[in-house]
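Spelled out, the chains give:
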Amino acid sequence: MPLDIVIGTQWGDEGKGRAVDLLAQDSHLVARYNGGDNAGHTVTVADKIYKLHVIPTGVIHPQTICILGNGMVVNPYTVIEEMDMLRSAGIEINPDRLMISDAAQLITPGHRLLDRAQDAALGKNQIGTTGRGIGPAYVDKAARSGLRVGEILDRQSFADRLRAHFIEINKLLTILYSQPEIDVELYTSDYLEKAEMIRPYIKRIGPEIQAALKVGKIVLAEGAQGSLLDLEQGSYPFVTSSCTTAAGIFSGLGIGIQAVRKVIGVTKAFQTRVGSGPFPTEQTAEIAEFLRGSGSKPWDEFGTTTGRPRRVGWLDLVLLKYAQEINGITELFLTKLDILSGLEQIQVCVAYEKQGRRLDTLDFSCDAQSLAQCVPVYESLPGWQEDLSRCRRWRDLPVNARVYVETLEQKTGVPIRTISVGSERTATIYRE
Ligand code: GDP
Ligand code: IMO
Ligand code: MG
C-alpha cells in the first residue's frame, strides 16, 4: 500500500512542485488534499515552465491519474484556466485522468471578494492572504453551509443554492465591509456556465485511490502550503485555513494511515515567507537581496500566485525539527542549494533564545505571539564560491556545500536523500 507524501516543511514555496515532478515519474496517482488556488507550484522541464495552482503537478507526466481531493476548496474558474493552459502545452486532460472529488468545497468569486475585504479590514493586523477566497470557503465548510462540488450535478437545485450564497455574500460585503453589491443573477449564471465545464470531472474519488493502493500502485500526495502555515500547528493566526501537514491527507483524501510509505519533507536551503507573521531568522539588508534575487530569474523569490516579493532569511533548524515532528518526516528533499553559492559564511539557526532561556526545540505552541519572542542563535558555516547548477553527483559538490548538507542532516537526524541545484528537472542529486 505505497502512499508517498510530499510536504512543505517551512512557510510554503519550498519547491514541492519540483519534488512532485520527480516523484510522479514512478507514481500511478497524484492527489492534492488541501487548500486551493492559493498554492503556486512551479515545474521546469527543459525550457518549459509550468505554474500550477490547483491541478496536481504530477499531471505533466502522461501516465498519472490526478485527483483534487475532498479536503480541497476548488475554484472552477482556475481549474478551467489550468486545463486550457495544460492542453495548449500538449498535455492530455480528460475525465479518465483528472478527477475532482464530489465532496470538495467550491470557491466562488463571492468568497474572493469577501477574503479581500476581510483581510483589508484587519488593517495593520492583516494576514496578507492570497485573496483567493480560501478562508471564506473553509468558513462556509465548517459552518456546514458550503457549496460542494457534487451539487453541480443537480443544476436546478445548485442554481438556487448559488443564488442564496451570493445574496448572503452581498449582505456581508455591504453591511460589514461597506463594499458595493454584486449582481446576483449575473454571478449565478456565469458560475453555472463554469460549473458545467467541470461537470465531467466530478467523481467519488475514494474508490479510485483505494483500488490503486490495494494493487500496490504508488499514490503520491502533493501537499500545498507549508507546515508552518497549518491551521492547527502553524504560526496562528498567520496561517492558511487548511491542514497543510501530513495529517491532512487522511481526511483530505479519505484513506487510512497504514498506507504511508514515505513522508518527504521539502526544505529550501534558506527560509522564505509570503504575507505577515513572525519570522525569527528574517533578513532585510544585502543578504536579503542576495537570497531573494532581483526578480530577473524565474526562480527568484517572488510569489507564483501573487507576484509579491517573498520575505527571506537564514534556514531555521528549530522550526525544521518541529516540522519533522508534526509530520513524521522520513526523508528530506533539499532545494535551492545553488542559491547559496557566493557567500563567505552561511548562518544556520540552531536554537532560540526566549526570555533568557536557550531552546534547541520548541517547547511552546508555534503560535505567532510565542514565536515573535524568539531570538535566533546562529551557527556560522563556511560558504563556497562554485556554481552548483551543473553538479549531478554528491561528489561533484564543493566540500563546504557537503558540510552544509551534512550539518543539516546531523542536527535534524533526518537523511537528505535528494538535493536540487537548479529549477530544471535534471538539476538533481540523488544520494544513497
Ligand atoms: P512550491 O510552492 O513549494 O511548489 O514552490 P514554488 O514553485 O512556489 O517556488 C519554488 C521556486 O524555486 C520555483 O520557481 C522553482 O522552479 C524554483 N526551484 C525549485 N528548486 C530549485 C533549485 O534547486 N534551484 C533553483 N535555482 N530553483 C529552484
Ligand atoms: P504553496 O503551495 C506560500 C500564505 C499567504 C498568507 C497565508 C494565508 O505555493 O507553497 P490564504 O490565501 O491561504 O488564506 O493566505 O498563507 N500562503 C502561502 N504562502 N506558499 C503558498 O502555497 C501559500 N498559500 C498561502 O501568503 O500569508
Ligand atoms: Mg508556491
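Here, the structure is the one placed above.
An account of the accompanying structure is given in this report. Note that the coordinates shown come from a computational prediction; the quantities given were computed from them, not determined experimentally. (Residues numbered from 1 in each chain as written. Chains lettered and ligands numbered in written order. Predicted model: local features only at pLDDT ≥ 70, side-chain atom pairs only at ≥ 80, totals over all residues. Heavy atoms only, no water.)

1. What to know about the site of ligand 2
The environment of ligand 2 is formed by 20 residues, the closest being Asp13, Lys16, His41, Thr130 and Thr240. Within the backbone of Asp13, a nitrogen or oxygen atom sits 2.8 Å from an oxygen atom of ligand 2. Taking His41, its side chain carries an N or O atom lying 2.7 Å from an oxygen atom of ligand 2. Starting from 550 Å² of accessible surface for ligand 2 in isolation, the protein chains cover 97%. When its residues are assigned to classes, the shell around ligand 2 shows 7 nonpolar, 10 polar and 3 charged. (Near = heavy atom within 4 Å. Polar contact = N/O pair within 3.5 Å; in protein donor to acceptor, adjacent residues only side chain to side chain. Areas by Shrake-Rupley, 256 points an atom, 1.4 Å probe, with all protein chains shown as cover. Nonpolar A, V, L, I, M, F, W, Y, C, P; charged D, E, K, R; others polar.)

2. Some details on the pattern of salt bridges
Per the counting criterion, the structure on display carries 22 salt bridges. As a salt-bridge pair, Asp4 and Arg261 come within 2.7 Å of each other at their nearest N and O atoms. With Asp4 in strand S1 (residues 3-8) and Arg261 in strand S11 (residues 260-268), the pair connects residues that are 257 residues apart, well separated along the chain. Residue Asp4 is classed as buried on the basis of its relative accessible area, which comes to 3%. Look at Arg261 and you get partly exposed, because its relative accessible area is 43%. A salt bridge links Glu208 to Lys203; its shortest N-O distance comes to 3.4 Å. For Glu208, a relative accessible area of 22% translates into the label partly exposed. On the basis of relative accessibility, which here comes to 34%, the residue Lys203 falls in the partly exposed class. Connected through shared salt-bridge partners, Asp13, Lys268, Glu301, Arg310 and Lys336 make up one network. (Salt bridge = Lys/Arg side-chain N within 4 Å of Asp/Glu carboxyl O. Helix = DSSP H or I, 4+ residues; strand = E, 2+ residues; numbered from the N terminus. Buried < 20%, exposed > 50% of the residue type's maximum accessible area, 1.4 Å probe, protein only.)

3. Observations regarding the coordination of the magnesium ion (ligand 3)
Around the magnesium ion (ligand 3), the protein contributes the donor atoms Asp13 (OD) and Gly40 (O), at 2.0 to 2.2 Å from the metal centre. In this pair, Asp13 is assigned in the loop between S1 and helix H1 (16-23) and Gly40 in the loop between strand S2 (29-32) and strand S3 (41-45), connecting sequence segments 27 residues apart. Overall, the relative accessible area of 22% leaves Asp13 in the partly exposed class. (Donors = N, O, S within 2.8 Å, 3.2 Å for Na, K, Ca; no water.)

4. Details of the packing of aromatic side chains
The final tally for this structure, using the stated rule, is 6 aromatic pairs. Between Tyr77 and Tyr191, the ring centres sit 5.8 Å apart and the planes meet at 50°, which makes this aromatic pair tilted. Placement of the pair is Tyr77 in helix H2 (residues 76-88) and Tyr191 in helix H6 (residues 184-198), with a sequence separation of 114 residues. Here the aromatic rings of Phe158 and Tyr191 are separated by 6.3 Å at their centres, their planes lie at 50°, and the arrangement is tilted. Residue Phe158 is found in helix H5 (residues 155-176), and its partner Tyr191 is found in helix H6; the two are separated by 33 residues along the sequence. Tyr191 shares its class with Phe158; the two are buried. Stacked on the ring of Phe364, the Lys or Arg Lys354 has its end atom at 4.4 Å from the ring centre. (Phe/Tyr/Trp six-rings, centres within 6.5 Å; stacked < 30°, edge-to-face > 60°. Lys NZ or Arg CZ within 6 Å of the ring centre and 35° of its normal.)

5. Observations regarding the site of ligand 1
Taken together, 21 residues surround ligand 1, and among them Gly15, Lys16, Thr42, Asp338 and Ser420 come closest. Within the backbone of Gly40, an N or O atom sits 2.8 Å from an oxygen atom of ligand 1. Bound to the protein, ligand 1 loses 98% of the 580 Å² it would expose on its own. Only H1 and S3 provide two or more residues apiece to the shell around ligand 1. Residues belonging to the shell around ligand 1 are distributed by class as follows: 4 nonpolar, 10 polar and 7 charged.

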